[in-house]
Amino acid sequence: MGDFGGLQHKGVNEESPRSKNFQKLSITSLVFLIFYEVSGGPFGIEDSVRAAGPLLSLLGFLLLPLVWSIPEALITAELGTMFPENGGYVLWVSSALGPFWGFQLGWMKWLSGVIDNALYPVLFLDYLKSGIPALGAGFMRTLAVLILTVGLTYMNYRGLTIVGWVAVFLGVFSILPFIFMGFVAIPKLDVSRWLVSDISNVDWSLYLNTLFWNLNYWDSISTLAGEVRNPKKTLPKALFYALLLVVFVYIYPLLAGTGSIPLERELWTDGYFSDIAKVLGGVWLTLWLQAASGLSNMGMFVAEMSSDSYQLLGMAEKGMLPEFFAKRSQYGTPVVGILFSASGVLLLSWMSFQEIVAAENFLYCFGMILEFIAFIKLRMKHPLAPRPYRIPLGTLGCILMLIPPTILIIVVLAFSSFKVMVVSLLAMLIGFILHPCMIYTERHRWLKFSASSYLPDFEGVRHESGESLIS
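Residues numbered from 1 in each chain as written. Predicted model: local features only at pLDDT ≥ 70, side-chain atom pairs only at ≥ 80, totals over all residues. Heavy atoms only, no water.

A.B. asks: Looking at this structure, I do not really get the overall build of the protein. What am I missing?
C.D. replies: Within the protein, the secondary structure is distributed over 14 helices and two strands. Burial analysis of the protein (471 residues in total) assigns 61% to the buried set. For the protein, restricting intrachain contacts to residue pairs at least 6 apart in sequence, the fraction spanning at least 24 positions comes to 86%. For the protein, the computed accessible surface area is about 17900 Å², with 70% contributed by carbon and sulfur atoms. (Helix = DSSP H or I, 4+ residues; strand = E, 2+ residues; numbered from the N terminus. Buried < 20%, exposed > 50% of the residue type's maximum accessible area, 1.4 Å probe, protein only. Contact = heavy atoms within 4.5 Å. Areas by Shrake-Rupley, 256 points an atom, 1.4 Å probe, with all protein chains shown as cover.)

See the structure below:
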């Protein structure tokens, strides 16, 4: 579409001209945007204890980052600096596998992101319903979802820089009550409670989906690479710092919560940390944690919507979507992308927490398979292309690194319910239909597509560079 189907190329060091005139994200803002893309705090991890008990929950959040989060973050650091533009993973897959698969990845990732964003108003209201029962169901809940979605959508419209610094403030505020809860829990800690496990009574589907949902989406920040100040240096560092922050924010509250009160697994559902806070610190700590939950979900919403809308903007700039998706507001934000993402959130907000998590995980898994294939193919096809950050492994080492996360993807898919599988496969089928429809629309000039699409030109490159993730 446009000239993208012919893979028009540009120099590897050139910057997309459309994002030059707007204020860029700093590393601090980027760290917290990644934090909110992936985590946003321990809100929603309670189901891991209900599904498998304290020991497996703690081990899961310690070991899964090694199997999944670190490889995904490393790939994002390498390819995000190799393609420092809006569109992120769509450009990676398009460059390696062609525009058809780039479009399919873009569709699956955007849809899984919108499904993910529909979760945050639900999760926010689940934390508040213990204090305000009217928010549990019915008209008041629907109205609250609508008000939240409109308000947070407007925040995205006002500018990515505002979103970045809001994410910093919300992140600090959301973590503080859990830090305090941990100190309050110390006199009541019983280390033996951390070791409780019953392998014969594990809901593996709920357990794996909860872990996977709370530890993925490291690649989402790549769709904002064109809005980052000096992405070739900033992006790898921000990913490293965010990874440390995410693991800490999960393990610390789990240690405090499971170690300080007697275990009743059936009570560990989303929102249960507020009940633990009431037992440990009283009503005031519960209110503080509920406020933190609300602000955290706000942060996750604006971060996810930013990623989703800038992905659509990047795809439009490459001629994969109609040009009106690339339209920016006076604040530099992608207006149409924001409106499309907000509409999807409202349409999906009726789903339950567990249904949303399972559906988005299914789509996300297929998208990650395409990213893994594209990463290896780019390593083999363009081994000397400039990579400002390069994973310190050869191609064989990278293939071995990706075996455990690939096995995890297969396991997560295998545990999907029939309902989730059917709905997700139908959603993927829509993507297969949409791509030829876009080509047909462009050929008949029913809508205008970008005529200046390009991909980095790696042909003829005779050098490569790399640097440490930290330095």
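A.B. asks: Where do I start with helix 10 (residues 283-317) in this structure?
C.D. replies: Structural remark: α-helix, 3.6 residues per turn; residues separated by three or four positions point the same way. Taking 1.5 Å per residue as the helical rise, helix 10 with its 35 residues ought to reach 51 Å, and the 51 Å between its terminal C-alpha atoms agrees with that figure. Counting buried positions along helix 10 yields 29 of 35 residues, so the element is predominantly enclosed. (Expected span 1.5 Å × (residues − 1).)

A.B. asks: Please clarify how the nonpolar core should be interpreted in this entry.
C.D. replies: It is characteristic of soluble globular proteins that their nonpolar side chains tend to be buried jointly. Ile34, Trp68, Ile75, Met181, Trp218 and Phe273 are the most contacted members of the largest nonpolar core, which totals 134 residues. Discounting residues that sit within four places of it in the chain, Trp68 has contacts with Phe212, Leu215, Asn216, Tyr364, Met368, Phe372, Pro405, Leu408 and Ile409. (Core = buried A, V, L, I, M, F, W, Y, C linked by side-chain atoms within 4.5 Å.)

A.B. asks: Could you clarify how one ought to interpret the packing of helix 2 (residues 46-82) against helix 7 (residues 204-214) in this entry?
C.D. replies: Two quantities define a packed helix pair, namely the angle between the axes and the distance from one axis to the other. Relative orientation of the contacting elements helix 2 and helix 7 amounts to 45°, with a least axis distance of 9 Å. In terms of axis orientation, helix 2 runs oblique to helix 7. The element helix 2 and its partner helix 7 pack so that their crossing is right-handed. On helix 7, the residues touching Asp47, Ser48, Arg50, Ala51, Ala52, Leu56, Ser57, Gly60, Phe61, Leu64 and Trp68 of helix 2 are Trp204, Leu206, Tyr207, Thr210, Leu211, Phe212 and Asn214. Looking at side-chain class alone, the contact of helix 2 with helix 7 contains 11 nonpolar, five polar and two charged residues. (Axes fitted to C-alpha atoms, helices over the stretch in contact; angles between N-to-C directions. Parallel < 35°, antiparallel > 145°, perpendicular 65-115°, else oblique. Left-handed = near helix turned anticlockwise from the far one by under 90°. Nonpolar A, V, L, I, M, F, W, Y, C, P; charged D, E, K, R; others polar.)

A.B. asks: Sorry, what's going on with the pattern of salt bridges here?
C.D. replies: Opposite charge on two side chains lets them pair, provided their charged atoms get close. According to the stated counting rule, one finds seven salt bridges in the structure shown. Its salt-bridge partner being Lys318, residue Glu85 comes within 3.3 Å of it at the nearest N-O pair. With Glu85 in the loop between helix 2 and helix 3 (89-97) and Lys318 in the loop between helix 10 and helix 11 (335-348), this residue pair connects regions lying 233 residues apart in the sequence. Each of the two residues, Glu85 as well as Lys318, counts as buried. Residue Lys109 is joined to Glu371 by a salt bridge in which the shortest nitrogen-to-oxygen separation is 2.4 Å. Here Lys109, found in helix 4 (residues 99-128), pairs with Glu371, found in helix 12 (residues 353-381); they are 262 residues apart in sequence, far enough to count as distant. Taken together, the shared-partner salt bridges in this structure form one network comprising Glu78, Arg379 and Arg387. (Salt bridge = Lys/Arg side-chain N within 4 Å of Asp/Glu carboxyl O.)

A.B. asks: Looking at this model, I keep getting lost on the environment of Leu224. Mind explaining?
C.D. replies: By secondary structure assignment, the location of Leu224 is in the loop between helix 7 and helix 8 (231-260). The sequence separation of Leu224 and Gly87 amounts to 137 residues, and the corresponding C-alpha distance is 7.2 Å.

A.B. asks: When you look at a nonpolar patch on the surface in this model, what are you seeing that I'm missing?
C.D. replies: A contiguous nonpolar surface patch, about 700 Å² in accessible area, is contributed by Trp101, Phe418, Val422, Leu426, Leu429, Phe432 and Ile433. In terms of residue count, the dominant contributor to the nonpolar patch is helix 14 (residues 418-443) (six residues). Looking at where Leu429 falls in the secondary structure, it is placed in helix 14. (Patch = residues over 30% accessible without salt bridge, like charges linked within 9 Å, V, L, I, M, F, W, Y side chains within 5 Å.)

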